[in-house]
Amino acid sequence: MTRAASLFHRLASALLLLSLSLSVSTAQAAGRERLSLDAGWLFHAGDVKTPPIKGHGASYHQAKAGGAAGAASPEFDDSGWRRLDLPHDWAIENPLDRNENASQGYRARGFGWYRRYLQLPESDRGRHIELQFDGIATHSTVWVNGIAVNRNFSGYNGRAIDITPYVRYGEDVNNIAVRVDAEVQEGWWYEGAGIYRHTWLVKRDALHIVTDGLHANPVQRKGRWLLPVEVEVQNTGEALRDAVVELLVTGPDGAAVAQGSTRVRVAALDNATARLELAVPAPKLWSPQSPDLYQVKAVLRHAGSGPVREIDATSLKTGFRTLRFDADKGFFLNGEALKLQGVCIHQDHAGVGVAVPTAIWEFRLRRLKEMGVNAVRFAHNAVAPEVMDLTDRLGLLVMSENRNFNASPDTLAQLEWLVRRDRNRPSVILWSLFNEEPLQGSAQGREIARRMVAVVKKLDPTRPVTGGMHDGIFSERNASQVMDVVGINYQVGGYDRYHREHPKRAVTSTEDTAAYMTRGAWQSDHKAQVLGSYDDEPSSWGQTHREGWRQIAERPFIAGTFVWSGFDYHGEPTPFEWPSASAFFGAIDLCGFPKAAFYIRQAHWVKDRTVIKVLPHWNWAGSEGKPVKVMVASNAPRVRLLLNGQAVGEREVDRYDMVSFDVPFAPGKLEAVALDGARELGRDVVQTSGEPARLVLTPDRQALAGDGRDALPVTVSAVDAQGLPVPTANLPVKFEVSGAGSLIGVGNGDPNSHESSKAPERALFNGLAQVILQSRREGKGPLTLRASAPGMQPAELVLDVQATAQVPAVAAAEAVNRVSGWRISPPQAERPDPNQVLAETDMNSWGWGEAPIKQPAEANAWRAYRASMRLRADRNDGHGRLVFGEITGQAEVWVDGTKIGEKTSPAAAPLSLPLAAGAGWRTLTVLVRAEPNQPSGLTGRVWMEASPR
């Protein structure tokens with residue numbers, strides 16, 4: 001090497017080191033960024049078969065990092081794929097098909113692929129880059145730039161993937177590819193398909209607090225409230241780092257209540273945990289009535305010389321409360337007895353499947369609280385993190401349930417993830433390991449459970465562990481023996497025996513009732529697969545709502561109930577199959593419309609206000625003079641019934657069975673009056689209506705945030721000419737949406753409906769239907785919904801979409817058809833043959849590289865560069881171009897043995913050449929001749945681009 005060349009080389013190396021140092025410094029100063037990746041995905045329904053791998057070259061390449069073939073490859077042609085935003089459930093988009101699985105709601109699931117492109121600025125170099133998926137149904141594999149970075153075998157756990165080693169910066173475009181296998185199923189209910197929860201890109205300093213690495217769960221010791229805090233810190237940098245961890249605790253009013261700090265030292269590519277215990281005097285206690293939350297913020301600061309700057313920070317919400325399960329007296333919260341009034345729910349909703357917007361989840365949970373629910377069992381799996389945020393904020397107690405009963409490393413990792421994510425939440429009062437496992441009553445089941453309990457206790461010793469057992473609790477060796485609370489599903493006849501034989505074991509019903517109803521139907525017609533709503537259709541293994549609660553309420557030693565189920569759900573259409581496609585178990589239907597069971601449970605559970613509800617409606621044309629059974633659900637001592645102002649009867653209300661009357665039907669007004677002695681507590685009225693005359697649109701609220709995520713349900717109903725609701729209307733309705741939002745789903749709560757969940761139309765079912773609207777990103781202004789039906793006065797609803805701060809996001813980049821995988825010949829004195837054959841088995845005589853490729857000055861002037869290039873369809877239509885960002889030296893460009901252009905000047909410069917339409921795969925050869933004593937090569941990126949027409 002000449003002196004000048006040597007000087008140039010040293011200068012270039014110094015500049016590169018300086019650039020990296022500045023990039024790392026900038027990255028360290030940037031702080032944490034959590035950016036949405038929901039927008040701009042490309043989707044393909046069905047599997048994409050990878051072409052057979054044949055020959056040594058292809059076999060060699062596919063075995064290397066970045067060598068993924070097919071749709072996992074960054075160079076794959078996805079130009080014809082559908083563009084969409086997440087969350088996305090493709091199964092709910094599919095029509096019902098009798099040949100599909102009844103348990104999964106008769107909807108095809110199968111396989112699907114997602115791809116997304118993004119760029120990272122040079123300033124991110126040196127930071128820790130993490131890709132997060134909150135949930136993908138069901139099994140999935142994730143590739144980044146053609147490298148498989150994660151395989152996951154559950155549709156319910158989130159994962160945080162360190163992709164720092166695999167990403168590129170600056171002008172380079174990164175590719176994420178996800179293959180989803182929804183052929184497999186974990187449950188016997190509708191599970192949906194696809195990336196149905198949010199996705200994120202998290203950027204942090206190389207020294208950072210790990211995901212779910214802040215643990216702060218209050219405990220009470222000797223009457224004092226303490227907050228033990230653990231902060232797990234990771235260092236993915238190249239040198240040992242010292243830092244200070246600062247903690248700040250603020251109360252519900254935002255005022256500081258405790259603070260502290262400690263030091264942490266973390267070796268390169270290692271983790272360390274900082275521990276600190278804070279005292280919090282007289283905190284406000286969290287409860288369903290007063291869900292007071294405290295914030296714990298952890299800040300990681302530089303501990304070296306110079307300014308004490310913030311490196312990373314994270315925070316969580318927690319709550320101060322005590323819980324205890326007593327073998328004789330049930331459950332205690334904050335030292336007071338509290339009967340668990342719980343329901344089990346799945347995670348789907350009408351119109352949207354499992355891709356449920358947070359605002360719709362809030363609507364669902366508010367509806368449960370209205371029913372008197374104080375506890376929820378998310379059956380039978382972890383839910384999205386934002387749902388758990390809601391249970392903390394709304395004051396709902398949670399039995400948090402693990403999906404897979406197994407002690408293998410993969411499934412224990414899923415359990416560990418769940419506990420780490422939710423162990424700080426005041427709403428979580430129980431960890432549930434399983435539901436109705438065949439091995440539960442065996443020695444095998446006991447051993448599996450014992451290992452799972454150990455994982456939970458290591459991470460969270462403060463909460464008890466249970467599991468839903470529908471058998472085996474009396475076996476000699478069974479899973480309940482290693483758990484803190486015995487969970488019983490449906491074994492009503494075993495309640496007293498178990499308590500008698502095991503008087504020191506705490507017990508709760510983890511599942512009971514399982515009674516059927518069709519919303520708005522009052523007479524069962526099994527042939528039509530309709531079930532009446534008088535609470536007289538229990539399942540063969542369960543009880544009615546009234547009897548189920550009696551069995552729990554009269555036994556103080558049973559902590560409470562988790563009713564099957566709070567809502568109807570897609571799939572498991574018990575007790576029928578086709579044409580029924582969803583369940584009949586819910587106290588509330590798929591749309592969130594109450595059934596009779598809702599009001600019965602209200603009467604059982606609501607203590608702070610009068611409940612009174614007349615059941616059924618009073619539209620019985622053609623039945624004049626015939627007796628109609630009238631049930632009144634009430635928590636009042638007595639009820640008086642009036643028809644058209646005349647007393648029909650007055651009776652005491654049974655606290656469990658309610659009260660019923662047989663009333664000869666006459667059109668008019670039927671009123672129920674709640675009484676305590678002579679004092680009226682409240683009343684409810686149903687009234688005979690005429691034929692439907694106009695539609696009514698009733699939103700859950702009047703405005704939406706214009707962030708592209710906010711959503712709300714709109715109730716669609718019909719009224720007669722006098723404005724009275726028509727509960728028997730079953731007419732078709734069409735919808736039009738315009739303005740700052742869109743329609744994302746429709747439903748009506750009919751388990752037998754086969755109408756599309758996504759089409760802008762839906763029939764009213766027993767008087768009701770639902771439309772779900774969602775705002776647009778950066779939306780502002782009116783969002784208008786119009787509804788029309790034949791022979792009816794249409795309805796129009798105008799909602800206000802309000803400008804709001806957008807969720808920070810990573811922009812979706814466009815696909816770049818890069819040329820990669822270059823082979824580089826040795827330097828040669830003479831011009832190489834552009835068509836020289838390189839043996840497929842020769843992996844060594846030519847080098848390897850990725851452009852930019854810069855060769856130092858060499859004695860021999862010539863080199864050949866060769867790559868196989870795949871042309872996307874939008875680059876292979878005769879209008880595409882082959883672009884070299886820069887070539888240093890003279891050059892000839894050959895494609896499949898034909899010269900397509902040349903560069904005659906030796907100076908570094910770009911080159912752009914037209915590409916004729918042709919084969920999808922082509923061999924590109926570039927001959928480069930260097931000037932004497934000058935560097936040369938493909939010194940810029942190489943790609944194919946579509947030319948503007």
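Everything below is about the structure printed above this text.
Note that the structure is a prediction, hence the values are computed from the model and not measured. Every chain begins its residue count from 1, and numbering advances along the sequence as written. In view of the model being predicted, local features appear only for residues whose pLDDT reaches at least 70, and side-chain atom pairs are presented and counted only at 80 or more, with totals across whole chains, interfaces and linings using the full set of residues. Heavy atoms throughout the structure, all of them, feed into the side-chain values; hydrogens and water do not.

(A) Layout of the overall build of the protein. Helix and strand counts for the protein come out as 9 helices and 55 strands. Taking 949 residues into account, the globule formula puts the C-alpha radius of gyration at 30 Å, and the protein, at 33 Å, falls close to it. Buried, partly exposed and exposed residues are distinguished by accessible area as a fraction of the type maximum, computed with a 1.4 Å probe on protein chains only: under 20%, between the cut-offs, and over 50%, respectively. Per-residue burial for the protein yields a buried fraction of 57% across its 949 residues. Here, Shrake-Rupley sampling with a 1.4 Å probe gives the accessible areas, and only protein chains in the shown set may cover a residue. Accessible surface, the protein as shown: approximately 37,800 Å² in total, 49% of it carbon and sulfur. Only DSSP runs of H or I reaching four residues or more are called helices, and only runs of E reaching two or more are called strands; each is numbered from the N terminus. As a reference, a globule follows 2.2 Å times the number of residues to the power 0.38, and the radius of gyration itself is taken over C-alpha atoms.

(B) Just the environment of Pro283, in detail. Summarising the element assignment, Pro283 is placed in the loop between strand E16 (270-279) and strand E17 (294-302). The exposure class of Pro283 is buried, given its relative accessible area of 11%. Through-space distance from the C-alpha of Pro283 to that of Trp225 is 7.7 Å; in sequence the pair is 58 residues apart. We call two residues in contact when some of their heavy atoms are within 4.5 Å. The contacts of Pro283, once residues within four sequence positions are left out, are Trp225, Tyr294 and Phe320.

(C) Quick peek at helix H3 (residues 358-371). The end-to-end C-alpha distance of H3 is 20 Å, a good match for the 20 Å that 14 residues give at a rise of 1.5 Å each. Along H3, the residues that are buried comprise Ala359, Ile360, Trp361, Phe363, Arg364, Leu365, Arg367, Leu368 and Met371. Those residues of H3 hidden inside the fold are in contact with strand E22 (340-345), strand E23 (375-378), helix H4 (385-394), helix H9 (596-605), strand E39 (711-719) and strand E43 (768-775). Among the residues trailing H3, Gly372 stands out with phi positive, at a value near 100 degrees. In this scheme, a helix's expected span is set at 1.5 Å multiplied by one less than its residue total.

(D) Representation of the sheet that holds strand E41 (residues 741-747). Two strands are said to pair when DSSP picks up at least two bridges between them. Spatially, E37-E39-E43-E41 is the arrangement adopted by the 4 strands of the open sheet, whose pairing is antiparallel. At either margin of the open sheet sits one strand with a lone partner, and together these are strand E37 (694-699) and E41. If you compare each strand with its neighbour and ignore which way they point, the axes differ by 30 degrees on average. Both E41 and E43 contribute to a ladder of 6 bridges, which runs antiparallel. Its bridge partner lying in E43, Gly745 is registered against Ile772. Only the stretch in contact is used when fitting a helix axis, every axis being a line fitted to C-alpha atoms; angles between N-to-C directions are given from 0 to 180 degrees. Here H3 sits on the sheet and contacts E39 and E43; the angle it forms with E39, its principal contact strand, is near 60 degrees.

(E) Fine view of the packing of aromatic side chains. Between rings of Phe, Tyr and Trp, where Trp is taken as its six-membered ring, a pair exists when centres lie within 6.5 Å; planes separated by under 30 degrees are stacked, by over 60 edge-to-face, and by other angles tilted. Scanning the model with the defined rule gives 24 aromatic pairs in all. Ring centres of Trp188 and Trp189 lie 4.7 Å apart, and the angle between their planes is 80 degrees; on these two criteria the pair is classed as edge-to-face. What makes Trp188 partly exposed here is its relative accessible area of 31%. The buried category is assigned to Trp189, whose relative accessible area is 2%. Seen in terms of ring centroids, Trp541 and Phe585 are 6.3 Å apart; in terms of plane orientation they differ by 55 degrees. Their pairing is tilted. Highlighted residues: Trp541 in the loop between strand E28 (506-513) and helix H8 (545-553) and Phe585 in the loop between strand E29 (560-564) and H9, separated in sequence by 44 residues. Overall, Trp541 belongs to the partly exposed group, its relative accessible area being 39%. Residue classification places Phe585 among the buried residues on the basis of a relative accessible area of 1%. Site record: aromatic cluster; members linked through ring pairs are Tyr490, Tyr516, Trp541, Trp564, Tyr569 and Phe585. Note on criteria: charge over ring means Lys NZ or Arg CZ within 6 Å of the ring centre, with the direction from the centre no more than 35 degrees off the ring normal. Over the ring of Trp361 we find Arg364; its NZ or CZ atom is 4.9 Å from the centre of that ring. Over the aromatic face of Trp943 sits the side chain of Arg941, whose NZ or CZ is 4.8 Å from the ring centroid.

(F) Up close: the pairing of strand E7 (residues 147-152). Summarising the sheet, strand E6 (residues 139-144) and E7 pair through 5 bridges and their orientation is antiparallel. Bridging from a neighbouring strand, Val144 pairs with Ile147 of E7.

(G) Up close: empty space enclosed by the protein. Only protein atoms enter the 1 Å grid used here, on which a cavity is any set of points holding a 1.4 Å probe that cannot leave and a pocket is any open set flanked by protein within 12 Å on both sides along at least five of seven lines; residues with an atom within 4 Å of a point are listed as lining. Grid points are joined across faces, edges and corners, and a volume is the space filled by probe spheres set on the points. In this structure the tally under the stated criterion is 8 cavities of 30 Å³ or more. For the largest cavity, the lining is made up of 19 residues, of which Arg107, His570, Leu590, Ser753 and Arg762 are closest to its centre. Gly is put with the polar residues, along with every residue not named as nonpolar or charged; the nonpolar set is Ala, Val, Leu, Ile, Met, Phe, Trp, Tyr, Cys and Pro, and the charged set is Asp, Glu, Lys and Arg. In terms of residue class, the lining of the largest cavity is built from 6 nonpolar, 9 polar and 4 charged.

(H) Structural detail: the sheet that holds strand E31 (residues 627-634). Read across the open sheet, the 3 strands follow the order E30-E31-E34; overall the sheet is antiparallel. Lying at the two open borders of the sheet, with one neighbouring strand each, are strand E30 (612-615) and strand E34 (659-664). Neighbouring strand axes in the sheet, compared pairwise and without regard to direction, differ in orientation by 25 degrees on average. With 6 bridges connecting them, E31 and E34 associate as antiparallel partners. What sits directly across from Val632, in E34, is Val659.

(I) The pattern of salt bridges, seen in detail. Here, a salt bridge means any side-chain nitrogen of Lys or Arg that lies within 4 Å of a carboxyl oxygen of Asp or Glu. Following the criterion strictly, the structure yields 60 salt bridges and no others. A salt bridge links Arg683 to Glu680, with the nearest nitrogen and oxygen atoms 2.9 Å apart. Across the pair Arg762 and Glu755 runs a salt bridge whose closest N-O atoms are separated by 3.8 Å. Arg762 gets classed as buried once you look at its relative accessible area, which sits at 8%. It is possible to trace a salt-bridge network through shared partners that takes in Asp78, Arg115, Arg872, Asp874 and Arg875.

(J) Molecular detail of the nonpolar core. Grouped together as the largest cluster of nonpolar side chains are 98 residues, with contacts concentrated most on Leu368, Leu433 and Trp618. In contact with Leu433, other than residues within four places in its own chain, are Asn402, Leu415, Ala449, Met452, Val453, Val456, Val465, Thr466, Gly467 and Met483. Take the buried Ala, Val, Leu, Ile, Met, Phe, Trp, Tyr and Cys residues and link them wherever side-chain atoms come within 4.5 Å; each set so joined is a nonpolar core. Core analysis: the second largest hydrophobic core is formed by 67 residues, Trp90, Val142, Ala193 and Leu531 among them.

(K) Spotlight on the packing of helix H5 (residues 409-422) against helix H6 (residues 443-459). It is the contact of H5 with H6, at a shortest axis distance of 10 Å, that shows an interaxial angle of 30 degrees. For the element pair H5 / H6, the angle class is roughly parallel. Classified by chirality, the crossing of H6 by H5 is right-handed. Contacts between H5 and H6 involve Leu412, Leu415, Glu416, Val419 and Arg420 from the former and Met452, Val455, Val456 and Leu459 from the latter. Working rule for angles: under 35 degrees goes down as roughly parallel, over 145 as roughly antiparallel, 65 to 115 as roughly perpendicular, anything else as oblique. We call a crossing left-handed when the near helix sits turned anticlockwise from the far one by less than a right angle, and right-handed when that turn is clockwise.

(L) Seen up close, unusual backbone geometry. With omega at 10 degrees, the peptide bond leading from Trp578 into Pro579 counts as cis. Among the secondary structure elements, Pro579 is positioned in the loop between E29 and H9. Unlike most non-glycine residues, Glu436 shows phi in positive territory, near 50 degrees. Along the chain, the position of Glu436 falls in the loop between strand E25 (428-435) and H6.

(M) Here's a closer look at the environment of Leu938. Take Leu938: it is sitting in the loop between strand E54 (921-929) and strand E55 (942-946). Judged by its relative accessible area of 0%, Leu938 is buried. Distance from Leu938 to Ile853, taken between C-alpha atoms, is 5.1 Å for residues 85 residues apart in sequence. Leaving out residues up to four positions away in the same chain, Leu938 has contacts with Trp822, Ala851, Pro852, Ile853, Tyr865, Phe884, Glu886, Ile887, Val926 and Val928.

(N) Here's a closer look at the side chain of Asn150. Relative to the assigned elements, Asn150 resides in strand E7. Any pair of N or O atoms that falls within 3.5 Å is considered a polar contact. Within protein, one atom must be able to donate a hydrogen and the other to accept it, and sequence-neighbouring residues count only if both atoms are side-chain atoms. Within polar-contact distance, the side chain of Asn150 engages the side chain of Arg159 at 2.9 Å. The residues contacting Asn150, other than those within four sequence positions of it, are Ser140, Thr141, Val142, Arg159 and Ile161.

(O) Geometry of the packing of H3 against H9. Look at H3 against H9: their axes get within 8 Å of each other, and the N-to-C directions meet at 55 degrees. Taken together, the axes of H3 and H9 are oblique relative to one another. Across from Arg367, Glu370 and Met371 in H3, the residues of H9 making contact are Phe598, Arg601, Gln602 and Trp605. When its residues are assigned to classes, the contact of H3 with H9 shows 3 nonpolar, 1 polar and 3 charged.

(P) Local environment of the pairing of E37. Side chains Leu695, Leu697 and Pro699 of E37 all project onto a buried face; the interleaved residues Arg694, Val696 and Thr698 project onto a face where none is buried. Sheet analysis places E37 next to E39, joined by 6 bridges and oriented antiparallel. Bridge pairing links Val696 to Ser717 in E39.

(Q) Spotlight on H9. Counting buried positions along H9 yields 10 of 10 residues, so the element is predominantly enclosed. Taken together, the buried positions of H9 are Ala596, Ala597, Phe598, Tyr599, Ile600, Arg601, Gln602, Ala603, His604 and Trp605.

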